[in-house]
Amino acid sequence: MTFSTESMNGDITRVILDGRLDIQGAASIDLRMNVLAGSTRFLLLDLGSVSFLGSMGLRSIVLPAQAIKRRGGKMALLNPVPMVEEVLKASNIGEIIPIFHDLDDAVAALR
Amino acid sequence: MDAPPSLLELDSQLSELMRAQTWIEELSNFYGLGDETRFAVQLCMEEALANVVLHGYRSEPGHPVIIRTWVSDGTLYFAIDDKAPPFAPSEPVPPNGIGSADLESLTPGGNGIRLLRRFAGSLVYESLSDGNRLTLGFAVPSNKGASVRP
């Protein structure tokens, strides 16, 4: 799992993940996600290159989202592939952390 | 292509799940599974095996997890046997934030069973005399669906 970040206008941090958010993938990003959750107000998690998402990966999404919200911020998910989006919906996480397939819409929702 | 083995024995450690995923990939290739079924198999097996390791055996290594696989009537089956205390996936799973738009209502964990129920074609739990058996089933392409054990 590769993890890269991009600073965007409006104090948004875009996190771009590439790989599998399985048990190993989730473990590899948890520390960096937690650091960002403590420092970033608006986080856009780009899942466009995530090929797999399991329950440990879901945990790596929900925990930072909750931490960001407690600090008055927001998180959004961008471009999950269809099966990954099915996992998000099956866990109801997709109903509460918004999912976008358009970058501009995602950015607008975070601002 | 040589048939992958029909049995895999793991130790109760999360690191062993990588061995399982390699085996599952070989089986998926052998049976010609499509992308969605392949994803579902990988997801369900990871959830089921992680559940055995983390909850059944409470993350304690040195315990057996035995997986058998076979095809019958167009379905690829995986039976996962463990010797952990009884586990009941048939019990109702509390909704995860359903009915609430509140992020705080989401539980970070506990999604394994939900995902198993959503993505496994079939899911059967049996309590064994000395453990548990969870059998998962997934449809295979019709030309590979004859009843065989690899």
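Every value quoted in this text rests on a predicted model; they were computed, and no experiment measured them. (Residues numbered from 1 in each chain as written. Chains lettered and ligands numbered in written order. Predicted model: local features only at pLDDT ≥ 70, side-chain atom pairs only at ≥ 80, totals over all residues.)

## Quick notes on the overall build of chain B
Now for step 1: Broken down by element type, chain B carries three helices and five strands.
Now for step 2: Moving toward the C terminus, one meets the helices and strands of chain B in the order β-α-α-β-β-α-β-β.
Now for step 3: Taking all contacts inside chain B whose residues are at least 6 apart in sequence as the whole, residues at least 24 apart take part in 70%. (Helix = DSSP H or I, 4+ residues; strand = E, 2+ residues; numbered from the N terminus. Contact = placed C-beta atoms within 7 Å.)

## Some details on the nonpolar core
Now for step 1: Core analysis: the largest hydrophobic core is formed by 70 residues, its most contacted members being L45 of chain A together with C44, A48 and L49 of chain B.
Now for step 2: Per element, the largest residue contribution to this core is 10 residues, and it comes from helix α2 (residues 35–56) of chain B.
Now for step 3: For L45 of chain A, the residues in contact, after removing those within four places along its chain, are V15, I61, M75, L77 and L78 of chain A. (Core = buried A, V, L, I, M, F, W, Y, C linked by C-beta atoms within 7 Å. Buried ≥ 20, exposed ≤ 12 C-beta atoms within 10 Å, placed from the backbone.)

## What about the sheet that holds strand β1 (residues 2–8) of chain A?
Neighbouring strands of a sheet are bound in pairs by backbone hydrogen bonds; such pairs are parallel or else antiparallel.
Residues and elements named next belong to chain A.
Now for step 1: Strand order in this open sheet of five strands is β1-β2-β3-β4-β5, and the pairing throughout is mixed. In this open sheet, the two edge strands, each paired with only one partner strand, are β1 and β5 (99–100).
Now for step 2: The pairing of strand β3 (residues 42–53) with strand β4 (residues 74–78) spans five bridges and is classified as parallel. Within β4, the residue paired with L44 across the bridge is A76.
Now for step 3: On top of the sheet, helix α1 (residues 23–39) reaches β1, β2 (12–21) and β3; it is set at about 170 degrees to β2, its chief contact.
Now for step 4: Against the sheet, helix α5 (residues 103–110) touches β1, β2, β3, β4 and β5, its axis set at about 170 degrees to β4. (Pairing = 2+ DSSP bridges. Axes fitted to C-alpha atoms, helices over the stretch in contact; angles between N-to-C directions.)

## What about the pairing of β3 of chain A?
Residues and elements named next belong to chain A.
Now for step 1: Here β2 runs beside β3; their pairing, made up of nine bridges, is parallel. Within the sheet, the bridge partner assigned to V15 lies in β3 and is L45.
Now for step 2: Handedness of the crossover joining β2 and β3 through α1: right-handed.
Now for step 3: Of the crossover connections in this fold, the one passing from β3 over helix α2 (residues 55–70) to the parallel β4 is right-handed. (Right-handed = clockwise from strand over helix to strand, strands pointing away.)

## Regarding the packing of α2 of chain B against helix α3 (residues 112–119) of chain B
Helix packing for two helices is described by the angle between their axes and how far apart those axes are.
Residues and elements named next belong to chain B.
Now for step 1: Relative to each other, α2 and α3 sit at 145 degrees, their axes nearing to 9 Å. Between α2 and α3 the crossing geometry is left-handed. Here A40, L43, C44, E47, A48, A50 and N51 of α2 come into contact with α3, specifically with G112, L115, L116 and F119.
Now for step 2: Counted by class, the contact of α2 with α3 contains eight nonpolar, two polar and one charged residues. (Left-handed = near helix turned anticlockwise from the far one by under 90°. Nonpolar A, V, L, I, M, F, W, Y, C, P; charged D, E, K, R; others polar.)

## Let's talk about unusual backbone geometry
Now for step 1: Look at N92 of chain A: it is not a glycine, yet its phi comes out positive at around 65 degrees.
Now for step 2: Classification of N92 of chain A by C-beta neighbours within 10 Å gives buried; the count is 20.
Now for step 3: For R58 of chain B, which is not glycine, the phi torsion reads 50 degrees and is therefore positive.
Now for step 4: Among the secondary structure elements, R58 of chain B is positioned in the loop between α2 and β2 (64–72).
Now for step 5: With 11 C-beta atoms counted inside 10 Å, the residue R58 of chain B sits in the exposed group.

## Digging into the sheet that holds β2 of chain B
Residues and elements named next belong to chain B.
Now for step 1: Read across the sheet, five strands follow the order β1-β2-β3-β5-β4 without closing on themselves; strand pairing throughout is antiparallel. What marks the edges here is a single partner per strand, and that holds for β1 (7–11) and β4 (122–128). Neighbour-to-neighbour, the strand axes of the sheet open up by a mean angle of 20 degrees, direction not taken into account.
Now for step 2: Set on the sheet, α2 makes contact with β2, β3 (75–82) and β5 (131–139); between it and β5 the angle comes to about 170 degrees.

## Brief notes about α2 of chain B
Now for step 1: Taking 1.5 Å per residue, 22 residues should reach 32 Å; α2 of chain B reaches 30 Å between its end C-alpha atoms and fits that length.
Now for step 2: Where α2 of chain B terminates, the next one or two residues include R58 of chain B, which has phi positive at roughly 50 degrees. (Expected span 1.5 Å × (residues − 1).)

## Overview of the environment of L63 of chain A
Residue and element names in this part refer to chain A.
Now for step 1: Inspection of the secondary structure assignment puts L63 in helix α2.
Now for step 2: With 17 C-beta atoms packed within 10 Å, L63 lands in the partly exposed category.
Now for step 3: Considering only alpha carbons, one finds L63 and S7, 56 residues apart in sequence, at a separation of 21 Å.

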